[in-house]
Amino acid sequence: MLVGKICSQSVVTAGANESIREAARRMARLSVGTLVVTDLDQGERPIGIFTDRDIVTRCVAAGLDPNEDPVSSIMSVPVRSVGEDTDVADALSIMAGGGIRRLVVTNEQDRLVGILALDDVIELLVKEADAVGRLLTKAAPAAV
């Protein structure tokens, strides 16, 4: 299966120059833990990832001012991304190799189309395991 088929296509973004507080408020309002940071001058190309964990470890713990410091000062870079036509198994290998739980998904023009979270892959595996279970139940011989 391709990541473009299972990734979340409803992605919340942030600008690199907006304040950490503005971005954090958007996260709270929309109940999301991750924003993809895009460069609007380059047609919404992803340039980083900004998470609730970044706010805690790189802003609050480091003593930065969330009203003054921009998202770019604490976002994770470089952004780890895969094309929408990447096989899920290949995406999982990238995630495991990098110790990351999310990958940005881009199209052929390197434009943001979605985000693949480890939870998306787990959901796919559960559905496939359920389908296999149903098939095995139907194929089981009747008891004598």
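The preceding data block contains the structure.
To start, this report covers the structure provided alongside it.

Rules used in this analysis
- Residues numbered from 1 in each chain as written.
- Predicted model: local features only at pLDDT ≥ 70, side-chain atom pairs only at ≥ 80, totals over all residues.
- Heavy atoms only, no water.
- Pairing = 2+ DSSP bridges.
- Helix = DSSP H or I, 4+ residues; strand = E, 2+ residues; numbered from the N terminus.
- Axes fitted to C-alpha atoms, helices over the stretch in contact; angles between N-to-C directions.
- Contact = heavy atoms within 4.5 Å.
- Buried < 20%, exposed > 50% of the residue type's maximum accessible area, 1.4 Å probe, protein only.
- Arc of directions from axis to C-beta.
- Core = buried A, V, L, I, M, F, W, Y, C linked by side-chain atoms within 4.5 Å.

Overall, mixed pairing links the three strands, which are arranged S1-S2-S3 in an open sheet. Pairing within the sheet leaves two strands with one partner each, and these edge strands are strand S1 (13–15) and strand S3 (45–51). Geometrically, the sheet is characterised by an average inter-axis angle of 40° between neighbouring strands, direction not taken into account. Pairing of strand S2 (residues 34–39) with S3 involves six bridges; the strand directions are antiparallel. By the bridge assignment for S3, Val37 is matched with Gly48. Sitting on the sheet, helix H2 (residues 20–30) touches S1, S2 and S3, and the angle it makes with S3 is about 80°.

On to helix H3 (residues 52–60), then. Among all positions in H3, only Asp54, Ile55 and Cys59 are buried. Relative to the axis of H3, the buried residues are bounded by an arc of 100° and lie together on one face. Turned more than 90 degrees from where H3 packs its buried face, Arg53 and Val56 sit exposed. Contacts from the buried residues of H3 go to H2 and S3.

This part covers the sheet that holds strand S5 (residues 102–106). One key point about sheets: their strands pair by backbone hydrogen bonds, in either a parallel or an antiparallel sense. The mixed open sheet is built from three strands, whose spatial order is S4-S5-S6. Both edges of this open sheet fall to strand S4 (81–83) and strand S6 (112–117), since each of them pairs with a single strand only. Direction aside, neighbouring strands of the sheet carry axes that sit 35° apart on average. Bridge count between S4 and S5: three bridges; the pairing is parallel. When the sheet's bridge partners are listed, Val82 is paired in S5 with Val105. Strand contacts of helix H4 (residues 88–98): S4, S5 and S6, with the helix running at about 135° to S5, the strand carrying the most contacts.

Membership of the largest hydrophobic core comes to 14 residues, with the highest contact counts inside it found for Ile20, Leu35, Val37, Phe50 and Val71. Those elements giving two or more residues to this core turn out to be H2, S2 and H3. Residues contacting Phe50, with those up to four places away along its chain left out, are Ile20, Ala23, Ala24, Met27, Gly33, Thr34, Leu35, Val37, Ile55, Val71 and Ile74. Grouped together as the second largest cluster of nonpolar side chains are twelve residues, Val82, Ala91, Leu103 and Val105 included.

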